[in-house]
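Close look at the chain arrangement
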Amino acid sequence: MKKFIMYGAGNIGRGFIGQLFSQSGYSVGFIDINKEVIARLNADKEYPVEIVTTEGVTEDVVKNAYGIDGTDIELVSEEIATSDIMATAIGVNVLKFIAKPIALGLKKRFERNAGFFNIIICENLIGADYFLKGLIKEQIPEYADRIDKEVGFVEASIGRMVPVMTEEKKQGNPLRVCVEPYNILPVDKDAFKGEIPEVKNLYPFAPFNLFIQRKLFMHNMSHALCAYLGYQRNYEYIYEAVGDYDIKCVAFNALCQSAMAVAKENGVEIESLISHAQNLLYRFSNVALGDTVARVGKDTIRKLGANDRLIGAINLADKHNVNCEYLCLGVALGMRFAPDGDERSQELCAFAKENGARKTLEKYSEYNGRMTDLICEFYDMSVSGKSVEELIRYCEEKVGKPIRV
């Protein structure tokens, strides 16, 4: 049996990537530092994945699974050295900590002449392939040429949504994970070294920049935007926010504006992107996911960052002279997002309250482009007490009245 190693036994690792490889005939080893999860994986050798919809629940059991203690670097490196392929779903900020054990595993492979090896990178970061490759080269610079020639750093676009697993949802099993039905895994076709593996629902595509931007500037952008507008209307769940016609209208218009920029950047027709936008809003309305406004919007310091979902989409729109008023409204209300327990969002919100939107954009978003004045206008209107409905009406006025034939 072929062996797949998943660095990260979290919800995406277990509930998406590991599931697809298991269904494709691989044994699946999960590397993690969570002792409880690792122990349960080694005891059960399997775990349940619940596919949840508003209509009901179906269960799939992932077989041939086991755990690997992430603190045992020698064991981790040996598992990597003897695997056929691996992936990461660990979080961008953690990549620097796993570079060493991956590098040691690759070093063993090189010493044994094990052949081509591919690492599928499932992280929300544009340029994650170059970032991880650079970190690994720093660990074993003497193998830099072989890394370039023999190791594929394959970016992936993670579209499946997985909510936070509460104790109630786990039903006494720390391995249980709930997911939505969507399970397509687009990957960078050109990044593979050697043969591309046959894996269920793996979708190799080139050039891959289209899928990276579609994920970040459409999926992630609209998800966050729904959270920021939903917060202003005191919704607890994302499905409640999307069920609000005003918010759904703003989200769809923002998606269309971002889609125009993505289409121009990649030289593709916009029709498929609009269809994707419609599908996203339908998926966001999945009541069974129970995804909260607080979780989806969390950490505005990151999510309003220069190259992240909202500001990144505005930058792309600026580049191609595409209107992006609805995106600006999302940014402005993102500055007012400060739920209990979200310290980083509270920090940004407090800074904006004291210093204004313009300085907040400069400090946290590194943005001073053509939409600055409009973002500041939306923010000031919101602070002055204007309702979400009033902001939306003003946004529609800025876009302009439709031409009637």
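Keep in mind the model is a prediction, meaning the values are calculated, not measured. (Residues numbered from 1 in each chain as written. Predicted model: local features only at pLDDT ≥ 70, side-chain atom pairs only at ≥ 80, totals over all residues. Heavy atoms only, no water.)

This next bit is on the packing of helix 17 (residues 357-365) against helix 18 (residues 372-383). One way to put it is that helix 17 packs onto helix 18 with a least axis distance of 9 Å and a crossing angle of 125°. The angle between the axes of helix 17 and helix 18 places the two elements in the oblique class. Where helix 17 crosses over helix 18, the handedness of that crossing is right-handed. Contact residues: Ala357, Arg358 and Leu361 in helix 17; Thr372, Asp373, Ile375, Cys376 and Tyr379 in helix 18. Classifying every residue of the contact of helix 17 with helix 18 gives five nonpolar, one polar and two charged. (Axes fitted to C-alpha atoms, helices over the stretch in contact; angles between N-to-C directions. Helix = DSSP H or I, 4+ residues; strand = E, 2+ residues; numbered from the N terminus. Parallel < 35°, antiparallel > 145°, perpendicular 65-115°, else oblique. Left-handed = near helix turned anticlockwise from the far one by under 90°. Contact = heavy atoms within 4.5 Å. Nonpolar A, V, L, I, M, F, W, Y, C, P; charged D, E, K, R; others polar.)

A rise of 1.5 Å per residue sets the reference length of helix 19 (residues 388-399), with its 12 residues, at 16 Å; its end C-alpha atoms lie 16 Å apart and thus fit the reference within 8%. Of the positions making up helix 19, those classed as buried are Val388, Leu391, Ile392, Tyr394 and Cys395. Mapping the buried residues of helix 19 onto a view down its axis gives an arc of 165°, with all of them on the same face. Those residues of helix 19 hidden inside the fold are in contact with helix 8 (209-232), helix 10 (245-266), helix 15 (325-334) and helix 18. (Expected span 1.5 Å × (residues − 1). Buried < 20%, exposed > 50% of the residue type's maximum accessible area, 1.4 Å probe, protein only. Arc of directions from axis to C-beta.)

Turning our attention to the packing of aromatic side chains. This structure, assessed with the given rule, holds 13 aromatic pairs. Seen in terms of ring centroids, Phe4 and Phe21 are 3.8 Å apart; in terms of plane orientation they differ by 0°. Their pairing is stacked. With a gap of 17 residues between them, Phe4 in strand 1 (residues 3-7) and Phe21 in helix 1 (residues 11-23) connect regions that are remote in the sequence. Phe21 matches Phe4 in its accessibility class, with the two residues each being buried. Between Tyr237 and Tyr239 the ring centres are 5.3 Å apart and the planes differ by 10°, which places this aromatic pair in the stacked class. For Tyr237, a relative accessible area of 24% translates into the label partly exposed. Each member of the aromatic cluster is reached from another via a ring pair, and the members are Tyr203, Phe205, Phe208 and Phe211. Directly above the aromatic system of Tyr364 lies the positively charged group of Lys363, at a separation of 5.3 Å from the ring centroid. (Phe/Tyr/Trp six-rings, centres within 6.5 Å; stacked < 30°, edge-to-face > 60°. Lys NZ or Arg CZ within 6 Å of the ring centre and 35° of its normal.)

For the rest of this paragraph, the subject is the pattern of salt bridges. Per the counting criterion, the structure on display carries 26 salt bridges. Salt-bridge contacts for Arg233 lead to Asp246; the nearest nitrogen and oxygen are separated by 3.1 Å. Note that Arg233 is positioned in the loop between helix 8 and helix 9 (238-242) and Asp246 in helix 10, a separation of 13 residues in sequence. Residue classification places Asp246 among the buried positions, given a relative accessible area of 17%. The salt bridge partner of Asp373 is Arg358, with a shortest N-O separation of 2.8 Å. (Salt bridge = Lys/Arg side-chain N within 4 Å of Asp/Glu carboxyl O.)

On to the side chain of Ser222. Structurally, Ser222 is set in helix 8. Reaching out from Ser222, the side chain makes a polar contact with the backbone oxygen of Met218 at a distance of 2.7 Å. At 3.3 Å, the side chain of Ser222 forms a polar contact with the backbone oxygen of His219. Setting aside residues no more than four positions away along its own chain, Ser222 makes contact with Leu255, Leu280 and Phe284. (Polar contact = N/O pair within 3.5 Å; in protein donor to acceptor, adjacent residues only side chain to side chain.)

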